[in-house]
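# Report on the structure
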Amino acid sequence: MEVLQSDSLLKISVNAHVYTDVMLAKCFYWYSNNYEVDFRKSGNENFEITLKPLRTSEVIDWTTIIPKIKQDLIDFKLRQHITDETKTIRELIIAKAFIYFDDEDAPVSEISDPVGFTPQSIKV
Amino acid sequence: MMAISTKTTDHSRKFKDFGDFLSTPGYALLPFKFHRISEEKEVLVNEIGDFLVTPSGTAARIVAREVNPENPSDLELYADLIANFFISPSPLPDLIEVLATRYRTKKSFLDYFTSLHIFVISLRCEHTCHYCQVSRVTTDKNRFDMSQFHIDEGIAMMMKSPNPRVTMEFQGGEALLAFENIVYAVEKTKMEADKHGKHVTYVVCTNLALLSDEMVQYFYANNILVSTSLDGPAFIHNKNRHKANANSHQLVIDGIHKCREILGEENVSALVTTTTLSLEYPEEIVDEYVRLGFHNIFLRPISPYGFATRNTNKNKYETARFLDFYKKALARIIQYNIEGYFIREDYASIILKKILTPFPVGYVDLQSPAGLITNVIVFNYDGSIYASDEARMLAEMNDQTFKLGTLGENTYEEIFYGGKAAALSEVMVNESLPGCSECAFQSYCGADPVFNHTTQGDLIGHRPTSSFCQRNMEIIRYLIETMDRNKEIEKIFRSWITDRS
Ligand code: SF4
């Protein structure tokens, strides 16, 4: 990651093979309360992100913001990883949750209840 | 007498022997999100709202498959992650059905559809509160009281709700100015409820200034609950709630005593409305509630609706100031609990119930899908039907975005399943809203398109500048961090969400 800064601007360049546009959009969305955010692909290798303070009178201390951006980029990459890897199981959970919607009975399952015995094994 | 077979097979047990996991070379991720709650800690929250507070960097270690059960220092974490559905030893978890059922339970507040039916029985009021959103000081009953025709139509619509248990809430203006309308509505509803097999809970929201013995006796005879407003000690309450030539604070206290005497303590509740003035007195407000023997207090921020938004000097305050107020008040409430006086804060309790229990919480302002229409509907004094209480306040500013129709003109189907309800449902789910979709607090928070529209002119809203988001994110973070830091406080929080009222 490369960083260029001036009083009124922060320019960051990140490797496009590491961070996708979706990750960047999700990450820098949270900076749009204080900054005008622009990001575009530069060549095939990099994304260039520009942050401009919305309130021009404000003096920005970029040295506190840059580490936060670095951390957020990593966090949003992680989040995307989890989202992508668990997409199918998440859809399955939700589909299973509502597939029984019209049924009067609770879902029938081989699965035990939380105390470790199968419901079928209980004799009343 | 119940006999339990001791013969269990490995695949049917939720908690396997720990050794079963040790040979597992890797694990599959289950859907979860994370949020940094302090420098050292982060919270992991899974799809069904279970949470784990872990050292910072744990989410990264989980994703990188670095949590190794063969490593003694990871044993406990690994077991917690498995037991709490963050990871699974197999790609398709054995307990997928349990997860699905838990997910469904969390959303089961939707099962019965609309319960709360608000009847704005009159818009007239005898107070002139500076933050008041809707009321009119007038004697013009014909124009500002709900007509019997609209009451009848409202009741007919309420009876069509699929929900067998509905709440009929009378609001104003000052509802007691139209007491005869309340009596008419309750008597009519009793007959209709019998016919339709509905259980109806009645609530009257009132400032209690006009309360008479006859009214309390009627409430008692009909099991009607009383909800009032108490903003704190006299110097705050009277400033917030101006009533010409009268002491509003004394009137509400006399009213509370009278109601408690006849109806019982549990049938009288009070709400705080926080204004700019209140923000300076968090402790004094809590003290007043304790002095009056309350065991709960609901610290609500002032809403941005109606006339309130125009009175910028008196009413505008920063979310940060509210949060500061909230934390100070919460600290005072916790202190009372430590000293042996049980009192809970209701907003925290709603969130804590979502965090600490598998049960659904049907609180209109913190739901996904949002509570408008699915949980609440408002019949205004003039017969207009709105998607929520805030929506009708917005209408007083000539914004009819959330008007769904009119009593006597539109059918139940047109109102509840019509084009407007369908369009709104697109923005009622925080799982699909920008910012919320990645937020770890998604299952504890909600979607509020009315708030978004009012404050940002957009139904979807912009989370980074949303005070709804700022407020909820910080309160949720603070509650989790506080519980993690102090186990005594966690115990107190847990006592707030048990059945004690
Ligand atoms: S409103 Fe904010 S705190 Fe609530 S779920 Fe959305 S992003 Fe999270």
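In this convention, every chain numbers its residues from 1, walking through the sequence in written order. Written order determines the labels here, with chains lettered from A and ligands numbered from 1. Local features are withheld for residues below a pLDDT of 70 in this predicted model, meaning they are given only at 70 or higher, and side-chain atom pairs are given and counted only at 80 or more; totals for whole chains, interfaces and linings count all residues. Side-chain numbers here rest on the full set of heavy atoms in the structure, without hydrogens or water.

Using protein atoms alone on a 1 Å grid, points that fit a 1.4 Å probe yet trap it form a cavity, whereas open point sets bounded by protein on both sides within 12 Å along at least five of seven lines form a pocket; residues with an atom within 4 Å of a point count as lining. Grid points are joined across faces, edges and corners, and a volume is the space filled by probe spheres set on the points. Taken as a whole, the second largest pocket encloses approximately 730 Å³ of empty space. Lining the second largest pocket are 26 residues, and of these A:W30, A:K68, A:D72, B:H35 and B:M473 sit closest to its centre. When contributions to the lining of the second largest pocket are tallied by element, the ones reaching two or more residues are α2 (62–85) of chain A together with β3 (32–36) and α19 (467–485) of chain B. Only runs of H or I of at least four residues qualify as helices and only runs of E of at least two qualify as strands under DSSP, and these elements are numbered from the N terminus. Element by element, the count of residues in the lining of the second largest pocket is highest for α2(A), at eight residues. Within the lining of the second largest pocket, the residues separate by chemical class into 11 nonpolar, seven polar and eight charged. Each of domain 1 (24–106) and domain 3 (429–487) of chain B accounts for three or more of the residues forming the lining of the second largest pocket. Each residue is assigned to one of three groups, with Ala, Val, Leu, Ile, Met, Phe, Trp, Tyr, Cys and Pro labelled nonpolar, Asp, Glu, Lys and Arg labelled charged, and all others, Gly among them, labelled polar. Boundary definitions for the domains trace back to an automatic or database domain assignment.

Turning next to the domain arrangement of chain B. Residue and element names in this part refer to chain B. If you check the domain split of chain B, you get domain 1 (24–106), domain 2 (109–419) and domain 3 (429–487). Taking only C-alpha atoms, the centre of domain 2 and the centre of domain 3 are 23 Å apart. Contact with domain 2, which involves 30 residues of that partner, is made by 29 residues of domain 3. When the area that domain 2 buries against domain 3 is broken down by residue, the three leading residues are K327, I355 and S368, summing to 20%. A side-chain nitrogen of Lys or Arg and a carboxyl oxygen of Asp or Glu constitute a salt bridge if their distance falls within 4 Å. Viewed at the interface, domain 3 and domain 2 are joined by one salt bridge. Pairing of N or O atoms within 3.5 Å defines a polar contact, subject to two protein rules: one partner must be a possible hydrogen donor and the other a possible acceptor, and residues neighboring in sequence count only if both atoms are side-chain atoms. At the junction of domain 2 with domain 3, the criterion picks out eight residue pairs in polar contact (both at pLDDT 80 or more). The set of elements that each furnish at least two residues to the side of domain 2 that touches domain 3 consists of α13 (319–338), α14 (346–356) and α15 (389–395). Throughout, a contact is declared for two residues whenever any of their heavy atoms are within 4.5 Å. A quick way to say it: buried area is the sum, across both parts, of accessible area lost when two parts are put together, with a 1.4 Å probe.

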